[in-house]
Amino acid sequence: MSTAPAARPKPLVLCADDYAQGRGVSQAIRRLAAQGRLSATSAMVLAPRWPEEAAALAPLRGQLDVGLHLDWTSAYARAAGHGLGLAAAMARALLGGFERSRAREVIERQLDLFEAHWQAPPDHVDGHQHVQQFAGIREPLVQLLVRRYGADRSWLRVSRPAPGQADLKSRTIALMGADALTKIAADAGVPSAKWLCGIYDFKGDQAGYARRMGQWLESAPAGALLMCHPGDSDADSDPDAAPDPIADARGHEAAHLGSSAFGAQLARASVRLVRGSTLYRSAPPAEPR
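These numbers come from a predicted model, not from an experiment. (Residues numbered from 1 in each chain as written. Predicted model: local features only at pLDDT ≥ 70, side-chain atom pairs only at ≥ 80, totals over all residues. Heavy atoms only, no water.)

Participant: Looking at this structure, I do not really get helix α2 (residues 50-57). What am I missing?
Facilitator: Among the residues of α2, Trp50, Glu53, Ala54 and Leu57 are the ones counted as buried. Projected down its long axis, α2 carries its buried residues within an arc of 105 degrees, all on one side. Buried-residue contacts for α2 involve β1 (10-19), α1 (23-34), β2 (40-43), β3 (65-70) and α5 (100-118). (Buried < 20%, exposed > 50% of the residue type's maximum accessible area, 1.4 Å probe, protein only. Helix = DSSP H or I, 4+ residues; strand = E, 2+ residues; numbered from the N terminus. Arc of directions from axis to C-beta. Contact = heavy atoms within 4.5 Å.)

Participant: What am I meant to see in the packing of α5 against helix α6 (residues 138-149) here?
Facilitator: Packed helices, taken two at a time, are described by the angle between their axes plus the distance between the axes. The geometry of α5 relative to α6 is characterised by a closest axis approach of 9 Å and an angle of 45 degrees between their N-to-C directions. One finds that α5 runs oblique with respect to α6. Where α5 crosses over α6, the handedness of that crossing is right-handed. Of α6, the residues touching α5 (which contributes Arg100, Ala103, Arg104, Ile107, Glu108, Leu111, Asp112 and Glu115) are Glu139, Pro140, Leu141, Gln143, Leu144, Arg147, Arg148 and Tyr149. Its residues assigned to classes, the contact of α5 with α6 shows seven nonpolar, one polar and eight charged. (Axes fitted to C-alpha atoms, helices over the stretch in contact; angles between N-to-C directions. Parallel < 35°, antiparallel > 145°, perpendicular 65-115°, else oblique. Left-handed = near helix turned anticlockwise from the far one by under 90°. Nonpolar A, V, L, I, M, F, W, Y, C, P; charged D, E, K, R; others polar.)

Participant: Before we go on, may I ask you to explain the nonpolar core in this structure?
Facilitator: Generally speaking, soluble globular proteins have nonpolar side chains that are buried together. Ranked by size, the top nonpolar core spans 73 residues in total, and within it Trp50, Trp72, Ile137, Leu156 and Leu217 carry the most contacts. Take this core: its biggest share by element is six residues, from α5. Setting aside its immediate chain neighbours within four residues, isoleucine 137 contacts Leu70, Trp72, Phe98, Ala103, Ile107, Val131 and Gln132. Counting residues in hydrophobic clusters, the runner-up holds twelve residues, among them Val13, Ala40, Val274 and Tyr280. (Core = buried A, V, L, I, M, F, W, Y, C linked by side-chain atoms within 4.5 Å.)

Participant: Hey, could you run me through the packing of aromatic side chains in this one?
Facilitator: To describe a pair of aromatic rings, you give the distance between the ring centres and the angle between the ring planes. With the rule as written, the count across this model stands at seven aromatic pairs. Note on tryptophan 72 and phenylalanine 98: the rings are 5.7 Å apart at their centroids and 65 degrees apart in plane angle, and the pair reads as edge-to-face. Note that tryptophan 72 is positioned in the loop between β3 and α3 (75-80) and phenylalanine 98 in the loop between α4 (86-94) and α5, a separation of 26 residues in sequence. Overall, the relative accessible area of 3% leaves tryptophan 72 in the buried class. Classification of phenylalanine 98 by relative accessible area gives buried; the value is 6%. Ring centres of tryptophan 155 and tyrosine 280 lie 5.0 Å apart, and the angle between their planes is 65 degrees; this geometry places the pair in the edge-to-face category. Of this pair, tryptophan 155 sits in strand β5 (residues 155-157) while tyrosine 280 sits in the segment after α12 (276-279); the two residues are 125 residues apart in sequence, bridging distant segments of the chain. (Phe/Tyr/Trp six-rings, centres within 6.5 Å; stacked < 30°, edge-to-face > 60°.)

Participant: Could you clarify how one ought to interpret helix α11 (residues 260-268) in this entry?
Facilitator: One turn of an α-helix holds 3.6 residues; hence residues three or four places apart share an orientation. Considered for burial, the residues of α11 that qualify are Phe262, Gln265 and Leu266. Relative to the axis of α11, the buried residues are bounded by an arc of 100 degrees and lie together on one face. What points out from α11, more than 90 degrees from its buried face, is the exposed set Ser260, Ala267 and Arg268. The elements touched by buried residues of α11 are β1, α9 (206-219), α10 (247-257) and β9 (271-273). Remark: serine 270 follows α11 within two positions and exhibits a positive phi of approximately 55 degrees.

Participant: What am I meant to see in the side chain of histidine 69 here?
Facilitator: Positionally, histidine 69 belongs in strand β3. Judged by relative accessible area, which is 1%, histidine 69 ranks as buried. A distance of 3.4 Å separates polar atoms of two side chains, one belonging to histidine 69 and the other to histidine 128. (Polar contact = N/O pair within 3.5 Å; in protein donor to acceptor, adjacent residues only side chain to side chain.)

Given below as structure tokens:
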């Protein structure tokens, strides 16, 4: 009696954003990465904690992709002198775009900060509140990746909702430059993640997040990138951290991603978490300097 072959696991990249934003965010990401519940994380290198959090992440080098979370809209970006509120940044992108030479300087500084403390180029680049695809930022970003690392060294996140997962928020994000970034990157030979899952309003409880996660895992196309924002409370461990408007959502996400229920969801959806560097690009990861 013959049996049907088992379905091949569906590869997805699960990336935790905002590494180094605060101690609680970083410790949750490291814990989940050590559990094998993440395959990538993106670092906010303008955060004062980045040097020490980079050192704390070093024991996990090679187990997950570590990339740059390009930042124009956080309190850290404002302190650095180039930050804008999200609404102002979106307006600038839509009304002619960012000034490219100034944007190039900002991107170079963040790439320099990443390399200085991680001792290697970023495996990927994405953006806090998706600024990587804003007009005036996306063009110098791709140029710099090619100039500094070669076309196929770092992959890019494109914030385009996966089929069947588009709502008003995700469509708005995509309209800020997903198609343009895809074309610019393809023309330059820079690999990118085509689909983004995990977009929501950060509302609801842990059970609600678990339901969303189950839906994302089931409906995501193979090779999609699923973003998440886990974190532990900073109330005791990081009393000087800036107020975090999505702190409750971070706790719900961290709890679910570390749970047996999430493991069961991965198995039920036949999902295998993989590094984007194995899916999207052909060049091997660089060794630390």
